[in-house]
Amino acid sequence: MTLGLVQQMSYGALYLYVGLFMLLVAGFVSAVLMLARMLSPSRRSASKSKVYETGESSVTDPWRPFPVRYYVFALLFLIFDVETAFLYPWAVIYRTLGVYGFVEMVVFVVILAAGLVYAWKKGALKWV
Amino acid sequence: MNTVSSQLIIAAIVGLPFMAFLICVLFGRRLKENAQYVGTFCVLISLVFSCFALAYVAGLLPGNVPGEGSSIQFSVHWIDLGPGGSFSMGVDIDHWAAVMLIIVCFVSLMVQIFSGGYMEGHPRFAWYYAVVSIFTGSMLGLVVSPNFIQAYFFWELVGGTSYLIHGFYFEKPAATYAAEKAFIVNRVADAALFIGIIIFWRETGTTSFSGIASAAHAGFIGSTTLTAASLFVFLGATGKSAQFPLHVWLSNAMQGPTPLSALIHAAAMIVSGVYLVSRTYNIFVQSPTAMEVVAIVGAFTAFMSATMAIAQKDIKQIIAYSTISQFGYVMLGLGEGAFTAGVFHIYNHALFKSLLFLLAASLGYAVGGSSDMGVMGGLKKRMPVTYWAFVIAGLSLAGIFPFSGFWSKDAIIAAAYDEGHYVLFALALFTVFLTALYIFRGIFICFWGEPRSEEARKAVEVPSIMTVPMIILAFLSIVSGWVGIPKGFGLPIKDVFGDFVQPSSFAQKTLHATPQNFSFVMAGISVLFGVIGIWLAYTVVVARPQWATAVGRTFPRVHAFLLNGWYFDLVYDRLFVRPAKALGGAVRDFDLRGFGGLVSGIGGAVSWSGERLRALQTGGVQNYAFAVLLGALIIAIIASAQYSFLVVALVVAFSVVAAAVGARL
Amino acid sequence: MPYSAETFVGLIPEIIAAIFLLLVLMVGVFAERAAGLVSGITALGTVLIFASSAWLLASGFHGSFFGGGYVVDGFALYFKLVVAGSAFFASLAATRWAQGTGDATEYLTLILSVVLGALLLVSMRDLFGVFLALELATIPSYAMVAFDRSRRESAEGGMKYIITGAVASSVLLYGIVLIYGASSSANLSGVAKAFSSGHASPVALLGLILLLSGFAFKVSAAPFHFWTPDAYQGAPTSAAAFLSVAPKAATFAILLRILVEGMPGEARVWTAIAAVLAIVTMFTGNLFALRQSNVRRMLAYSSVAHSGYVLTAFAALQGGAKAEAVQAVMIYSAAYAAMNLGAFLVIDLVGEDTKSFNGLIRTRPMVAASMFLFMAALVGIPPLSGFWGKLWIIIAGTGSGSILTYVTVGVLVVNTVLSVPYYFGIVRNMIFEEPVAGTGETKGEGPLKFSVYALAIITVLFFIIIIPLAAVAGSSGLL
C-alpha cells in the first residue's frame, strides 16, 4: 500500500516526506534534551566536565610508559579478521572456482600463517 | 690504412700510455723506481708508432698517395641512439694531427726522462709516472679524435687528470685551492663546449668534425646558429687554453711538479684548447664573426698576460703567463686565417716551452725546491748548461732571428697586418717587446748578479739525466723553426712545414687566402722590438737596478695591478664566488631551520598550534605536509589558467584540511 | 580461467620475490643465530630476480595479463633489472649493520618487500594497481627509515616521512579517483581515451595535477622534497642508499608509463609542469647541497637535484624526441643507481661527517678512489656513468622543439656546473686534508667493500655497458 502511495506522489513531494521526518526527529531530540535539562539537578564538577574516553584521562604526558600488549593482540586479531573476510565469499563460490580457487586460498592462508608464526615465535602471544 | 695490424699500431699510440698507467697504478708499490722504465718505454713506442703514422700520411710508405685525402681514418660503431642516430669511436689522423702526435709523444718522453732525476726518492714516484702516462694518453686520444663526442671524452679526461697533477703535492694547502679552482673554471668551459657540441649535433645530426663542416657548408645550419655554436666551442677552448676570460686558473695551478707543468703547458692540457680550434678549423672559417672573436681574444690575451708576466717574482709564474700569451698568439694566427702560422707556433712553442719548464725545474732542484727568483742570482757560472739553454729558450720565446720562435711568431704578426687588423697587429707587436722584456728580466735576475741566498751560493749543475733532455730540447729550440722557413726568405730550402701542414682546401677557398709573402721589413721590426726588450731588461736588472726600484716606487698601483694579474681573481671572487657562497649559506640556514620561516609566514596558525603539540623537537612535519599541498597549488596554477578558480578553491580546501591535520599533530 | 602458463612465466620475478620474502622471514625466525644465512638468502633472491628478469628480457617476452592491467614488456623488465641489481648491492651492504642491530631478518624482509612493490609497480597499467604497488613499496620504506633505534634522527626522519607520505598518498589517490571518475576506466588505455581529445574535462585535469603532485612527492621533486633530507639523514645508510635508487627508479618508470600511455593527449600540460618542476628541483637540490657539512644530507639534496635532471627528460617528451626522452629516463636510472648507491655505501664505510673523509686517500686509498669516481660520475664527467644519463637527457631535450624545454636543459647544464663544488668538496677533503684518527678498517666490511668496488667498476665501465643498455632502451616497447 505504501508503495502505491509513493508511486502516486510526485518526485519532489517525496523529499517533503523526508523533510517532515527530519523535522520530527529534530523536534523530538530537542524536546527530550530540554525536558532533561529542566527536570535534572545540575551540579558541575571537574571530573564530570571531562571528555568521555572510557575512563582514560584524555590529556596526559605523552612520554609516560603505557602497555602495548593490547595493540599487539589487536593486530594479530586482524590477521584472522581479514582471513575471514576473504574466506566467506570464497566459500560461497568454492565449487565453481575449482582447484585454482583452492590453491589460491591456500597461498593466501599460508602467507597469513607465516605472519602468525612470526608473531608467535617473537613472543607476541605471551601476555607478560 | 685498412689492415687490422696497421690499425692496431695506430690504436696503440693512444693505448700504450693508458697501459702504462694501469701498470704503474696496480704494481706501483712493487715497481718503485722501475716505474719510470714502464712509462718511458711505453711513450717511446708511442713515439715510434707516431713517426710511422707521420710517414704514412706523408706518403712515404707504400700504399698511400700523398695529398689532402691521405689521412688515416677508421672507426667503429659505438652507441646506437635509436632513431636519433649513433656515435662512433675512431681515429682520424691528418697531417697536422700526425705532427701533433709526435710533439706530444716527444715532449712527454723528454719530461719522463728528465723526471727520473727530478723526482728521485719521492715516495709517490710510481704514482707520478702513472699520472704522466694517463695524461699523455688522454691528450693523444684527443689528438686523434674524429668527432666531438670522442674529443669531449678525452677532453674531460685531460681535465680530470690535470686535477691529479695540480694536486700532486697534496701536503701543500695552496695545491688544494689551485686544483679546485682549475677544476671549477674548466667545468664552466666544458659546459660551454658541451652546449656547442649539442647545438651542432642537433642541427646536423652528426658529431664528426668533417661532417659538421660539410653540413654547415651545405646550409644545414643558419649562420647565427653556426656562429653561436662555434663561439661556445671557442669558450670551451679558452677554458683549457687559459685564454681571456677564463685564464684565471692557470697562474694558481703551478703547484704541481715542475716537469709536469712542462707537459701541461707544452703538449697537453693547455694545448688542447688551441688544438681543438685548429682541428675544427673548417667549421670556424665558415663564421667570420667567430674568426674575428678568436683573433681579438687571442691578441688581447697575448698582450694582457705579457704585462702580467713583467711584474712576477716567481720564475714559474713568468713562464706560465708566457704560455697564456703565446697561445694568445696562436689564437690570433688562427683567427686571422693564418692556419699554418698558428699551428707552426704550437709546434715551436712545444719545444721551447717544455725546455723552459725543465730549466725552471732544474733551477728549483739546484736551489732546494723553490722557484722564487728572490733566492737565485749569480747562477751563470755554477750552472752553465742550464744558463745557456735558458738563453736559447728565451731568445726563441722572444722571437729573435734565427731561433725557432721567430719564424712562426713573425708569420702570425704579418698575418694580422695583412688582414688589416692594425690594432691587433700593434698589440701583437708590442707584446713581442714585452715578451723579450719579461723573459730576459727573469734570466738576468736568476743568473746574473750576486747570489741572493745560501742555496744559490752552493748550487751545482744538475745531474746528466736532467741535462741531456735539456740539451736536446735546446738544440731543437734553435733549429726546429728551420723546417718552416718561408719561400720568400731567399734560401734554397723548401718550406717543409708549410707544405705539409696546410689548411684544408675547403678552408682556403672559404677564406680566399692569398699566400703570404715574407716581408723583411716586418721581420726586422719585430726582431727590433725583441732586441729593445732584451736591452731594457738588461738595463733595469743588471746595469741600472735602481731604475726598476724607482719605477716600482713611483707607480705602486700599476705594479700591484700587474703582479695580481689585473685583479681578475678579485673581480671573479666578488662577482661569482662570494654570491654563490652567500647563497649556499643562506639556503643552508634555511634548511637548518626546517623550512620554518617561509611557511610559518603563510600558515602561521598551523605553525603556532603545531609548535605546542610537536612530539619531536626539530623540523616541522606539518610544514612539510603543508608544503606538499602548496606545491600542488603551484602545479595547478602552472597547469591551466582556465580552470584555475576551481583548482585553487579545491587546493585551498585541501590546505585547510592539512592545516587542521597539522594542528592535531 | 584467469591464469595461463604464460602468466606464471611473466610473473616469475615477482613470484621469486614473494617466495624469498617469506623464506627470509621464516628462516630468520627459526634460525636466529644465522644472520649471515639470512643475508645470503636475500642476496640469492635478488640474484634470482635479476636473472629471471634478464632471461625474460633476453627471450623477448611480452605479455599483458589481468585484463590488460598488468604488462610485462621490455620497459618493465629493464626497470626490474635496475631494482633487483640495486637490491642486491644494498642487501650485501646492509649485512654488517643489520647484524649489529640484531634485527637483520626484519630489515632484509623490508628490503625485499620494497623490491616486490617496485617489481609490481613498473608493470602496472591500472591506476588502482599502481596505487597499491606504490604503497607496497612505500610503507616498508617508512619502517626502514625509522629502523635505527640507536639514533634519534632515525625516528624523527621516519616520523616526518610517514606523515608527509600519508598526505602525498591521499593526494595521489584523490587524483587517481578523479581520473577514474572522468574516464570511467582505471586502465591506462581507457584513461587515454578520456585524455585523447586534447580537451580533457576539468575534473580529469585536476586529477592529472593531483596525480603529478603525489608522484612529485614520491620522487622528491621540489617543492615536495622536504622529507628527503630528514629521512635520508636519519635512515640507516644502506636504507637511504637503496630507497634513493630502486623505488625512485620504479616510480619514475611508472610515472613515465602513465603519462605516455595514459595521457598522451595532454602532453602539452604535463610537459610544462615537468619542466617547471625540474627547474625548481634542480636549483633547490643543488643550492641546498652546496654548504652541507653532513655528507648524507648533502647526498640527499643531491638526489633531489638528480630527480630534477630526470624530470627534464619528462619535459622533453614531446616533439620529435619522445623516444629519446624515454631512453633518457631509462639510462639515467641505471647510471644513477650505480653511482648513487656507491656513494651512499662509501658513507657507510667511512662516516657521514665531511671531516671523516679527510685524508682518506692515505688511510684507505681504494675506498677514496671509488668515492672519487662516484663523485666525478655524479658531476657528469665522461666516461663515467652520470655523463651518459645527462647526455641522453640533453639530446632528448634539445630535440623536443619546445622553448620551455630548451630553458630547462640550459638550467640543467648550469646546475651541472653548480654541483661541482660540493661533490669535489668531498674529493678535496679526501686528498688534501690531514687524516683524522680512527678511520681505519673495521671487521666484517667484506660484503660492503665488495659492493663499493663492484659499483665503482660499473661506474667506470659504463661507456661499455651503455652499448647494451642503449640497445635495450631503444627497443623498450614504450613508444
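The structure we're discussing is the one just above.
Residues numbered from 1 in each chain as written. Chains lettered and ligands numbered in written order. Predicted model: local features only at pLDDT ≥ 70, side-chain atom pairs only at ≥ 80, totals over all residues.

> I'm lost on the overall build of chain C in this one. Help?
A tally of regular secondary structure across chain C gives 22 helices and two strands. A compact globule built from 479 residues should have a C-alpha radius of gyration of about 23 Å, and chain C, at 21 Å, falls within 12% of that. For chain C, the spread of C-alpha atoms along the principal axes amounts to about 65 × 55 × 40 Å. Counting over 479 residues, chain C shows a buried share of 68%. Pairs at least 24 residues apart make up 80% of the contacts formed inside chain C by residues separated by at least 6 positions. (Helix = DSSP H or I, 4+ residues; strand = E, 2+ residues; numbered from the N terminus. Rg over C-alpha atoms; globule rule 2.2 N^0.38 Å. Buried ≥ 20, exposed ≤ 12 C-beta atoms within 10 Å, placed from the backbone. Contact = placed C-beta atoms within 7 Å.)

> So what exactly am I meant to see when it comes to the interface of chain C and chain A here?
Interfaces are often sized by the accessible area lost when the parts come together. The interface is formed by six residues belonging to chain C together with six residues belonging to chain A. By residue class, the composition of the side of chain C that touches chain A is six nonpolar, no polar and no charged. (Nonpolar A, V, L, I, M, F, W, Y, C, P; charged D, E, K, R; others polar.)

> I'm lost on the packing of helix α9 (residues 202-218) of chain C against helix α13 (residues 267-289) of chain C in this one. Help?
All names here are of chain C. Two numbers describe how α9 lies on α13: the axes approach to 11 Å, and their chain directions differ by 30 degrees. Between α9 and α13 the crossing geometry is right-handed. The residues of α13 that touch α9, namely those facing Leu208, Leu212 and Ala216, are Val269, Trp270, Ile273 and Leu277. Residues belonging to the contact of α9 with α13 are distributed by class as follows: seven nonpolar, no polar and no charged. (Axes fitted to C-alpha atoms, helices over the stretch in contact; angles between N-to-C directions. Left-handed = near helix turned anticlockwise from the far one by under 90°.)

> Got a minute to help me understand the nonpolar core in this structure?
Across soluble globular proteins, nonpolar side chains have a tendency to be buried as a group. Residue and element names in this part refer to chain C. Val115 and Met375 are the most contacted members of the largest nonpolar core, which totals 428 residues. The element best represented in this core is helix α15 (residues 322-350), accounting for 22 residues. With near-sequence residues (within four places) excluded, Val115 lies in contact with Ala17, Thr46, Val83, Ala84, Ala87 and Ala246. (Core = buried A, V, L, I, M, F, W, Y, C linked by C-beta atoms within 7 Å.)

> For this particular structure, what's the right way to read the packing of helix α12 (residues 269-279) of chain B against helix α16 (residues 339-366) of chain B?
A pair of packed helices can be characterised by two numbers: the angle between their axes and the separation between those axes. Residue and element names in this part refer to chain B. Relative to each other, α12 and α16 sit at 155 degrees, their axes nearing to 11 Å. As judged from the angle between their axes, α12 and α16 are roughly antiparallel. Every pair of crossing elements has a handedness; the one defined by α12 and α16 is left-handed. Mapping the contact onto sequence places Val271, Val274 and Ser278 in α12 and Phe339, Gly342, Val343 and Ile346 in α16. (Parallel < 35°, antiparallel > 145°, perpendicular 65-115°, else oblique.)

> How should I be thinking about the environment of Ala124 of chain A in this particular structure?
All names here are of chain A. Mapping Ala124 onto the fold places it in the segment after α4 (94-121). Here Ala124 falls in the partly exposed class, since 15 other C-beta atoms lie within 10 Å of it. The sequence separation of Ala124 and Leu76 amounts to 48 residues, and the corresponding C-alpha distance is 8.8 Å. Discounting residues that sit within four places of it in the chain, Ala124 has contacts with Val72, Leu76 and Ala119.

> Sorry if this is basic, but what is going on with helix α21 (residues 464-479) of chain B here?
Structural remark: α-helix, 3.6 residues per turn; residues separated by three or four positions point the same way. All names here are of chain B. Look at α21: 22 Å from first C-alpha to last across 16 residues, which is about the 22 Å you get at 1.5 Å a residue. Regarding α21, the residues found buried are Met466, Thr467, Pro469, Met470, Leu473, Ala474, Leu476 and Ser477. Of the surrounding secondary structure, the elements contacted by the buried residues of α21 are α4 (95-118), α16, α17 (384-398) and α18 (404-418). (Expected span 1.5 Å × (residues − 1).)

> Which parts of the structure should I look at to understand the environment of Val68 of chain A?
Residue and element names in this part refer to chain A. Within the secondary structure, Val68 sits in the loop between α2 (11-39) and α3 (69-92). Taking the number of C-beta atoms within 10 Å as the measure of exposure, Val68 has 8 and is therefore exposed. For Val68 and Phe102, which are 34 residues apart along the polypeptide, the C-alpha to C-alpha distance reads 37 Å.

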